[in-house]
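# Coordinate inspection notes
Residue-level listing of the chains:
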Amino acid sequence: MTYHRQQFDASLKELKDALILMGKHVQKAIADSVEALSSNNLELASEVIRKDPEINAEEEKIIELGTNLIALQQPVAKDLRRILVSFRMASDLERMADLAVDIAKVVQRLNGETLMKPLVDIPKMSEIVQQMTEESLQSYKDENVDQAYKMAKMDDEVDQLHGRILQEMFAMMAQNPNLINQAQMLCFVSRYLERMADHATNIGENVVYLAMGSRPDLNQ
Amino acid sequence: MSENKKDTKADNNIVKIADLNLYYTEFHALKSVNMEIKEKSVTAFIGPSGCGKSTLLRTLNRMNDMIKGVRIKGLIEIDGTDIYDPNVNVELLRKKVGMVFQQPNPFPKSIYDNIAYGPRIHGITKKQELDDIVERSLKGAALWNEVKGDLKKSAYGLSGGQQQRLCIARALAVNPEVLLMDEPTSALDPISTLKVEELIQELKNNYTIIIVTHNMQQAARVSNDTAFFLNGEVVEFNETVKLFSTPRDQRTEDYISGRFG
């Protein structure tokens, strides 16, 4: 008995490496967009927007790699799941990068305007989102189901913060109509971060699917 | 016996194999095989060469009886009947459990006589009846339209794929319940292979089909259930879609994904 398919295994590794690299770029886009918001850095915001097409191209490349492997290698069982998961993860990561772009666009719309008050909950939220992203990618790298489940639990905290931010902003808008524009923008940012956490959770679900072959709903 | 038969029918399993062990003199070729095969479905046996899959297939119509030094322990029931019972008529068993081999093996006779051969042996002599059987069998094997104009032509004049479908028609002519197929497409080109696979899909409406194949994609395409054999053991027997998507045993996963063997 000998092992075969070294070339196929090498291609599957190439696919995984491409996803991990894409993940790193998306993490940077998220970190930069949040940093641009808290430091009012228009230059950094433009950079996030400028780099987004590169991330889109990475998604395309991953889909092409996976499609070729399906067409040429007839993958089954875990090999097939590995490829299906790469499609879904690449799509989640691409959406996360788009949300980072959305945050960067908020920074541009605020155009250096001083914020009505120092941001507290949004940085807290972005910190959790970044940690979730990091852990979702790490759980994929190690195929660590426990880590995926643990990561998904953090989503509750993100949802709570999102609810709190909305309430606070709505109250502020009611009290001071001059702040409506700014408060609305921050509501959007909160929503973008909350969506990012959902995508990180989806990545966790894919890790479980890859390892176990069953699809849990970690978004509960 | 009639009670057994009822039990077998009640759960839709036409073949029951219980604790089957087979030895070729000292070589232990099948080890405690337990399996129940659903009627009117396709069951595939896969596994590396020498794993016992063809051996098990051949026990189902007692083809191993002719091999010297074979010892069999355990039980095989087909339709509720213990087929190794000394009272079993082996010819009738083989009428009920037909077989199609790897290499198409038509008789050196006309297309018509190939199909009529079995029914004649079983005592059918009326021309009209034989004509009907020939037509029905060739239609059943999806060959009728290609040969109906010249049934007196030698079977040797057919292509490999047509010959194989002729052999399937010949097996159908004696009204079997179970069709055993031992690598039925490994000598055929890809298009003939697909035709036989399509045919298998149609045949399963009326027959129970058990197929040994080295082509895992074929097992995946045609079968409802798949058994994976290794070193004389059934490692895993499951619905085909499960076996090829989420196998329970790592050895199955290694084999179906081409990592081992």
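Residues numbered from 1 in each chain as written. Chains lettered and ligands numbered in written order. Predicted model: local features only at pLDDT ≥ 70, side-chain atom pairs only at ≥ 80, totals over all residues.

## A closer look at the environment of Ile 180 of chain A
Residues and elements named next belong to chain A.
- Structurally, Ile 180 is set in helix H6 (residues 180-212).
- Classification of Ile 180 by C-beta neighbours within 10 Å gives partly exposed; the count is 13.
- Distance from Ile 180 to Arg 195, taken between C-alpha atoms, is 22 Å for residues 15 residues apart in sequence. (Helix = DSSP H or I, 4+ residues; strand = E, 2+ residues; numbered from the N terminus. Buried ≥ 20, exposed ≤ 12 C-beta atoms within 10 Å, placed from the backbone.)

## Concerning the sheet that holds strand S10 (residues 233-239) of chain B
Residue and element names in this part refer to chain B.
- If you walk across this open sheet you meet the six strands as S6-S7-S8-S3-S9-S10, and the pairing is mixed. A single partner strand is all that each edge strand has here, and the edge strands are strand S6 (97-100) and S10. Each neighbouring strand pair of the sheet contributes to a mean axis angle of 20 degrees, computed without reference to strand direction.
- Pairing between strand S9 (residues 225-230) and S10: six bridges, direction antiparallel. In the sheet register, Ala 227 faces S10, and the bridge partner there is Phe 237. (Pairing = 2+ DSSP bridges. Axes fitted to C-alpha atoms, helices over the stretch in contact; angles between N-to-C directions.)

## Here we look at the interface of chain B and chain A
- Contacts between the two partners involve twelve residues from chain B and, on the opposite side, ten residues from chain A.
- Where the side of chain B that touches chain A is concerned, the elements lending two or more residues are helix H10 (240-245) and helix H11 (250-256) of chain B. (Contact = placed C-beta atoms within 7 Å.)

## Description of the nonpolar core
- Counting 68 residues, the largest nonpolar core has Phe 45, Ala 169, Val 178, Leu 179, Leu 180, Ile 209 and Ile 210 of chain B as its most contacted members.
- Among the elements that line this core, the one with the most residues is helix H7 (residues 160-172) of chain B, at six residues.
- With residues near it in sequence (within four places) discarded, Phe 45 of chain B still touches Lys 53, Leu 56, Leu 57, Ile 210, Val 212, Ala 227 and Phe 229 of chain B.
- Judged by nonpolar contacts, the second largest core, of 54 residues, contains Ala 45, Ala 183, Met 196 and Val 208 of chain A. (Core = buried A, V, L, I, M, F, W, Y, C linked by C-beta atoms within 7 Å.)

## Quick notes on the confidence of the model for chain B
All names here are of chain B.
- Averaged over every residue, the pLDDT of chain B is 93; residues scoring 70 or more account for 96%.
- Counted against residues more than four places away or in other chains, residues 1-9, with its pLDDT under 50, gives 13 contacts.
- Across the assembled chains, the prediction reports ipTM 0.78 with pTM 0.86. (pLDDT = per-residue confidence, 0-100.)

## Some words on the environment of Lys 127 of chain B
Residue and element names in this part refer to chain B.
- For Lys 127, the location among the structural elements is in helix H5 (residues 127-140).
- Residue Lys 127 is classed as exposed on the basis of its 9 C-beta neighbours within 10 Å.
- Sequence separation between Lys 127 and Ala 116 is eleven residues; the distance between their C-alpha atoms is 9.8 Å.

## Some words on the sheet that holds strand S4 (residues 70-78) of chain B
Residues and elements named next belong to chain B.
- What the four strands build is an open sheet, ordered S2-S1-S4-S5; its pairing is antiparallel. Each end of this open sheet is capped by a strand with a single partner; those strands are strand S2 (27-38) and strand S5 (81-82).
- Here S4 pairs with S5 via two bridges, running antiparallel. Within the sheet, the bridge partner assigned to Ile 78 lies in S5 and is Thr 81.

## Looking at the packing of helix H3 (residues 77-110) of chain A against H6 of chain A
Residues and elements named next belong to chain A.
- Between H3 and H6, the least distance of the axes is 9 Å, while the angle of their chain directions is 170 degrees. Relative to H6, H3 is oriented roughly antiparallel.
- When grouped by side-chain class, the residues that make up the contact of H3 with H6 number 15 nonpolar, four polar and eight charged. (Parallel < 35°, antiparallel > 145°, perpendicular 65-115°, else oblique. Nonpolar A, V, L, I, M, F, W, Y, C, P; charged D, E, K, R; others polar.)

## Points about H3 of chain A
- Look at H3 of chain A: 50 Å from first C-alpha to last across 34 residues, which is about the 50 Å you get at 1.5 Å a residue.
- Two residues or fewer after H3 of chain A comes Asn 111 of chain A, characterised by a positive phi angle close to 45 degrees. (Expected span 1.5 Å × (residues − 1).)

## So, helix H8 (residues 190-203) of chain B
All names here are of chain B.
- Taking 1.5 Å of rise per residue, 14 residues should cover 20 Å, and H8 covers 20 Å from first to last C-alpha, within 8% of that figure.
- Residues Lys 195, Val 196, Leu 199, Ile 200 and Leu 203 constitute the buried set of H8. What you see down the axis of H8 is that its buried residues fit within an arc of 145 degrees, all on one side. Opposite the buried face of H8, at more than 90 degrees from it, the exposed residues are Pro 190, Ile 191 and Gln 201.
- The elements touched by buried residues of H8 are strand S3 (42-46), H7, strand S7 (178-182), strand S8 (208-212) and helix H9 (216-222). (Arc of directions from axis to C-beta.)

## Points about unusual backbone geometry
- Backbone geometry places Glu 143 of chain A, a non-glycine residue, at a positive phi of 50 degrees.
- Its location among the elements puts Glu 143 of chain A in the loop between helix H4 (121-142) and helix H5 (145-175).
- Positioned with a positive phi, Ser 32 of chain B is a non-glycine residue whose angle comes to about 45 degrees.
- The residue Ser 32 of chain B is located in strand S2 in this model.

## A look at the pairing of S4 of chain B
Residue and element names in this part refer to chain B.
- Judged from the eight bridges that link them, strand S1 (residues 13-24) and S4 form a sheet pairing that is antiparallel. For Leu 22, the partnering residue across the bridge sits in S4 and is Ile 72.
- As consecutive antiparallel partners, S4 and S5 are separated by two residues, and within that stretch Asp 79 has a phi angle of approximately 55 degrees, a positive value.

## Topic: the environment of Leu 186 of chain A
Residues and elements named next belong to chain A.
- As for its position among the elements, Leu 186 is in helix H6.
- Accessibility expressed as a C-beta count within 10 Å gives 25 for Leu 186, which makes it buried.
- For the pair Leu 186 and Glu 35, spaced 151 residues apart in sequence, the C-alpha separation works out to 14 Å.
- Those residues in contact with Leu 186 that lie beyond four places of it in its chain are Ile 122, Ile 165 and Met 169.

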